[in-house]
Amino acid sequence: MKCENCTKKECSKKQKNDDTQSTSVDALSSNDGLEEENEFHTLANAKILLSDCLACDSCMTAEEGARVFQQNQKELFHILNLNKKCDTSKHKVLAVSICPQSLPYFAAKFNLSVNDAAKRLCGFLKSLGVHYVFDTTIAADFSILESQREFVQRYQRRNQEEHALPMFASACPGWIRYAERVLTNLVTSHICTAKSPQQIMGSLVKGYFARQKNLSPDKIFHVIVAPCYDRKLEALREDFYTALYNSQEVDCVLTSGEIVQIMEQKNVSMKDVTEVAVDSLFDGIPEGDVVRHEGKRSDGYLEHIFKHAAKELFGMDVKEITYKALKNKDFQEVTLEKDGETVLRFAAAYGFRNIQNMVLKLKKGKFLYHFVEVLACPGGCLNGKGQAQTEDGKADKALLTQMEEVYAAVPVRLPETNLHVQKMYQDWLEGMDSKKVQETLHTKYSAVNQTASNLDIKW
């Protein structure tokens, strides 16, 4: 049977089976030390169902499969328990970074404002023993700014470089994995080199913040709370590993739903948790209210890059963007006209059906777009498979509608107006065009010719 997410004739994606799933998790987990008897023992045994992950086992190695399954509540509790023991040499500073598309899930689920949800989630995590809780919006600021600049440069080189355009967004790890493992060089050379917000946040926490606190990166255990399971795979990438410190930029990813599992098993309601202000990366500067970027259900790469390119390339100040729905609501385009000519043509392609149609046009040489915001989840990041799902694994449409309303009400802040970001470019990154910017905020995406082991994982 062919998988909707796969171009192979025979799909290795298996059917769900809760009982054998649990067995597979236990078999793959090599961290027996996580099974310590302690107050977190019951929680550490929480089941993780990765059947909604977009990467089936045909493009995963055995090592990746094992490490993905180990990215669960057990890792978090293992660090919490080590920090309670007398051997301080094994203690870690525990930092949790929360994606902005996760906050509307907590707000809608517990009938809170986004600001209240952020503070109560922070309070809950700190009650467990977490030291710092951050918002990843600043990392998205960097990612968007670098993507904007790269698009303008690619557009200006479009007549000299065959693969300059189109440019595809690089923020979605499900899309990136699919492009590298299935679509190969046809697509990878077109992917923006800017890191995703998750991995830039990893650089900020293990680089900038670690230096501020005079900590070695390996002394920080960095957890990301995200809407989807594919973020777990992204955290394992070799290009996001620092050999000098034997440290990943992100040590563990937990989905929003996994955080709620912890709350449920500890019999804690968000409404009963004490509000605690989210931490700032900058000493002595309190974190303000939650803000977001333009874009209805994601970080808004399309809108930000479109407006920036219109201004930089054509001197046009675009205030509002008009989307034109094409085959379905998850495939839309935006165009810019000047003197009767279409000078920019952007698209948003969400979900694998639209991604495959897009790639088919690219293969046929009928691709008209300069930039495409690609997201693997239909409906965008708010509809990530790690949140807003019913018990049978389907999207909770009512909750998703609430989440969209909550997210739309959050104030928009342009990345260019973030003074902290501008200061960090100068003080930490040694200027916007420096070598350090390329090393810290960018990576390289390329085809991976790899045949994975045939794992018996119930995806």
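Within each chain, residues carry numbers counting from 1 in the order of the written sequence. Confidence filtering applies because this is a predicted model: local features only for residues at pLDDT of at least 70, side-chain atom pairs given and counted only at 80 or more, and all residues used for totals across whole chains, interfaces and linings. Each side-chain value is derived from all of the structure's non-hydrogen atoms; neither hydrogens nor water enter the calculation.

As annotated in an unreviewed UniProt entry, the protein is Nuclear prelamin A recognition factor from Galbula dea. Within the UniProt record for the protein, the comment given under Subcellular location (unreviewed entry) is "Nucleus". UniProt positions are given in the numbering used here, feature names are shortened, and annotations may be inferred rather than shown by experiment.

Caption draft 1: Main features of the pattern of salt bridges. The salt bridge criterion pairs a side-chain nitrogen of Lys or Arg with a carboxyl oxygen of Asp or Glu, the two atoms within 4 Å. Under the definition given, this model contains 18 salt bridges. Note that Lys307 and Glu294 form a salt bridge whose closest N and O atoms lie 2.7 Å from each other. With a gap of 13 residues between them, Lys307 in helix α13 (residues 301-314) and Glu294 in the loop between α12 (256-265) and α13 connect regions that are remote in the sequence. For Lys307, a relative accessible area of 16% gives the class buried. Notably, a salt bridge pairs Arg345 with Glu333, separated by 3.5 Å at the nearest N-O pair. Of this pair, Arg345 sits in strand β10 (residues 341-350) while Glu333 is found in strand β9 (residues 331-338), placing the two residues 12 residues apart along the sequence. A run of H or I in DSSP becomes a helix once it reaches four residues, and a run of E becomes a strand once it reaches two; helices and strands are each numbered from the N terminus. The classification of residues rests on relative accessible area computed with a 1.4 Å probe and restricted to protein chains. Under 20% of the type maximum is buried, over 50% is exposed, and intermediate values are partly exposed.

Caption draft 2: Spatial organisation of the environment of Pro411. Among the secondary structure elements, Pro411 is positioned in the loop between α15 (397-408) and α16 (419-427). Taking the C-alpha atoms as reference points, Pro411 and Val290, 121 residues apart in sequence, are found 7.7 Å from one another. In what follows, a contact means two residues having at least one pair of non-hydrogen atoms within 4.5 Å. Residues within four places of Pro411 in sequence aside, it is in contact with Val290, Val291 and Arg292.

Caption draft 3: Quick look at the pairing of strand β4 (residues 220-226). Where burial is concerned, most of β4 is hidden: 7 out of the 7 residues are buried. Covered by surrounding structure in β4 are Ile220, His222, Ile224 and Ala226 together with Phe221, Val223 and Val225, the residues of both alternating faces. One ladder, built from 4 bridges, connects β4 with strand β7 (residues 252-255); its direction is parallel. Directly across from Val225, in β7, lies its bridge partner Leu254. For two strands to be treated as a pair, DSSP must find at least two bridges joining them.

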